[in-house]
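Architecture and fold: a report
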Amino acid sequence: MTTHLLTLADLAKEDFEAFFKRAIKLKEKQQIGTAVTTQAGKSLGLLFDKPSTRTRVSFETAMVQLGGSPLFISSKDTQMSRAEPIKDTARVLSRYLDALAIRTFSQEAIEDFAQFSTIPVINALTDAYHPCQVLSDLLTVIEHKGPLKNLKIAWIGDGNNMAQSWINAAAVLGFELHLACPEDYLPDSKIVTEALKKKAARITLGHDPIAAVKDADVVNTDVWASMGQEAEQEARKKIFAPYQVNTALLKKAARDAIVLHCLPAHREEEITEAVLEGSQSVVWDQSENKLHMHKAILDILIGT
Ligand code: CP
Ligand code: NVA
């Protein structure tokens, strides 16, 4: 069976651990200047429907550094934009490529793609999830704070694709996850219910950012309007104003708390310049880790 990475809800603890272990190993190799060319002769397609800086460049660079070839495909330039069905595109691309990273709107579309694909399909962001990002973010947390299961992690802001992937991860890895979101912007209740069925889940949902960050080891936020929600941007600014990660809020977290933001950041909206550029922010390490984690994802999914 082809192994895909569509949502972290599909992963067991051992799967997470395998991704972390491989990413740490590949990062160490890169730091000592040892080339690892496990994907020599292989091709990774990147089929994107939405903009991207980090995910695109880190996946492309990951494939190049592993000795393989990336191929960026903007969906609007394909026959998909002229209604060629997913099931046909998936079968055709499977004949050319060794793996396909997809960034699109609906999670169903990526699941349809995977159903007809005989190569691994990797979710490079949908409206529902951003699994590769959260895997890299977890690696960043491990590097800065140690074993995940002892940690309290706060999510402040929108109950969006990032929040939902954090929920998937928390349910399996057992760290405390406290989310504070405005009333009408909570994560999908079905995703939360499924997560809470897992034995390890220690997840709380509320509307109070101060309660969520209290003594937290990690304070995490993301844009208030995700890609595709541009029309709501102004309205959201007012609703989300009490959820800004600023110096006063960060003071309520543990003294040595780290701050995560998957970027791009909107300064003075969901996060202040002082916090983003402050000593507790690890956002640049977080961005770098996308490269190492994406290599691990390629090695594990395609094989070495
Ligand atoms: N964090 C992230 O996925 O960034 P891009 O949208 O630039 O890929
Ligand atoms: N929630 C954001 C993440 C961007 C990387 C979005 O979907 O636009």
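Attention here is on the structure that accompanies the text. (Residues numbered from 1 in each chain as written. Chains lettered and ligands numbered in written order. Predicted model: local features only at pLDDT ≥ 70, side-chain atom pairs only at ≥ 80, totals over all residues. Heavy atoms only, no water.)

A short note on the sheet that holds strand 7 (residues 202–206)
Here five strands make up an open sheet; going across it, the order is 7-6-5-8-9 and the pairing parallel. Here the strands that pair on one side only, and so sit at the sheet edges, are strand 7 and strand 9 (258–261). Strand after strand, the sheet turns through a mean of 20 degrees between neighbouring axes, direction not considered. Taken together, the five bridges between strand 6 (residues 176–180) and strand 7 define a ladder with parallel strand orientation. Across the sheet, leucine 177 pairs through a bridge with isoleucine 203, a residue of strand 7. Its contacts with the sheet place helix 5 (residues 131–145) against strand 5 (152–156), strand 8 (218–221) and strand 9, and it is angled at close to 165 degrees to strand 9. (Pairing = 2+ DSSP bridges. Helix = DSSP H or I, 4+ residues; strand = E, 2+ residues; numbered from the N terminus. Axes fitted to C-alpha atoms, helices over the stretch in contact; angles between N-to-C directions. Contact = heavy atoms within 4.5 Å.)

Some words on the pattern of salt bridges
For the coordinates displayed, the defined rule picks out 16 salt bridges. A salt bridge links lysine 13 to glutamate 17, with the shortest nitrogen-to-oxygen separation between them at 3.4 Å. One end of the pair is lysine 13 and the other is glutamate 17, both in helix 1 (residues 13–31) and four residues apart, which spans about a single turn. Note on lysine 13: relative accessible area 39%, which makes it partly exposed. Notably, a salt bridge pairs lysine 27 with glutamate 143, separated by 2.9 Å at the nearest N-O pair. Residue lysine 27 is located in helix 1, and its partner glutamate 143 is located in helix 5; the two are separated by 116 residues in the primary sequence. Judged by its relative accessible area of 38%, glutamate 143 is partly exposed. (Salt bridge = Lys/Arg side-chain N within 4 Å of Asp/Glu carboxyl O. Buried < 20%, exposed > 50% of the residue type's maximum accessible area, 1.4 Å probe, protein only.)

Remarks on the nonpolar core
Ranked by internal contacts, the top residues of the largest apolar core, which has 62 residues, are Phe16, Leu138, Trp166 and Phe175. Top element by residues in this core is helix 6 (residues 161–173). It accounts for nine residues. Excluding its chain neighbours within four sequence positions, the residues that come into contact with phenylalanine 16 are Leu8, Leu11, Leu135, Leu138, Ala169, Val172 and Leu173. (Core = buried A, V, L, I, M, F, W, Y, C linked by side-chain atoms within 4.5 Å.)

A closer look at the packing of helix 5 against helix 6
Two quantities define a packed helix pair, namely the angle between the helix axes and the distance between the axes. Helix 6 packs onto helix 5 with a crossing angle of 55 degrees between their chain directions and a minimal axis gap of 9 Å. Of the possible angle classes, the one that applies to helix 5 and helix 6 is oblique. Crossing angle aside, the handedness with which helix 5 passes helix 6 is right-handed. Every residue of helix 6 that contacts helix 5 at Pro131, Gln133, Val134, Asp137, Leu138 and Val141 is listed here: Met162, Ser165, Trp166, Ala169 and Leu173. Residues that form the contact of helix 5 with helix 6 fall into these classes: eight nonpolar, two polar and one charged. (Parallel < 35°, antiparallel > 145°, perpendicular 65-115°, else oblique. Left-handed = near helix turned anticlockwise from the far one by under 90°. Nonpolar A, V, L, I, M, F, W, Y, C, P; charged D, E, K, R; others polar.)

Here we look at the site of ligand 1
Taken together, Ser52, Thr53, Arg54, Thr55, Arg103, His130, Gln133, Cys262, Leu263 and Lys290 make up all the residues around ligand 1. One of the side-chain nitrogen or oxygen atoms of threonine 55 is found 2.7 Å away from an oxygen atom of ligand 1. When the free accessible area of ligand 1 is taken as 260 Å², the share hidden by the protein chains comes to 95%. Looking at the shell around ligand 1 residue by residue, the class counts come to two nonpolar, five polar and three charged. (Near = heavy atom within 4 Å. Polar contact = N/O pair within 3.5 Å; in protein donor to acceptor, adjacent residues only side chain to side chain. Areas by Shrake-Rupley, 256 points an atom, 1.4 Å probe, with all protein chains shown as cover.)

Some points on the environment of isoleucine 297
In this fold, isoleucine 297 is placed in helix 12 (residues 283–302). Placed 94 residues apart in sequence, isoleucine 297 and isoleucine 203 show a C-alpha to C-alpha distance of 26 Å. Other than its neighbours up to four places away in sequence, isoleucine 297 contacts Leu5, Phe19, Ile122, Cys132, Leu135 and Ile302.

Notes on a negative patch on the surface
A surface patch of like charges, here negative, comprises Asp10, Glu108, Glu111 and Asp112. Along the chain, aspartate 112 falls in helix 4 (residues 107–116). (Patch = residues over 30% accessible without salt bridge, like charges linked within 9 Å, V, L, I, M, F, W, Y side chains within 5 Å. Lys, Arg positive; Asp, Glu negative; His and termini not counted. Charge placed at Lys NZ, Arg CZ, Asp CG, Glu CD.)

A short note on the state of the cysteines
The full count for this structure, using the stated rule, is zero disulfides. Left without a disulfide partner, cysteine 181 is nearest to the cysteine sulfur of cysteine 262, which lies 14 Å away. Cysteine 181 sits in the buried class, given a relative accessible area of 0%. There is no disulfide at cysteine 262, and the cysteine sulfur nearest it, in cysteine 132, is 12 Å away. The exposure class of cysteine 262 is buried, given its relative accessible area of 7%. (Disulfide = S-S within 2.5 Å.)

A short note on the site of ligand 2
The environment of ligand 2 is formed by Leu125, His130, Asn160, Asn161, Asp222, Val223, Ser226, Met227, Cys262 and Leu263. Contact with the protein chains removes 95% of the 270 Å² of surface that ligand 2 exposes when unbound. A per-class count over the shell around ligand 2 returns five nonpolar, four polar and one charged.

Quick look at the packing of helix 1 against helix 6
As a packed pair, helix 1 and helix 6 sit with axes 9 Å apart at the nearest point and diverge in direction by 110 degrees. The angle between helix 1 and helix 6 falls in the class roughly perpendicular. Residues Lys13, Phe16 and Phe20 of helix 1 form the contact with helix 6, whose own contacting residues are Ala169, Val172 and Leu173. Residue classes in the contact of helix 1 with helix 6 are distributed as five nonpolar, no polar and one charged.

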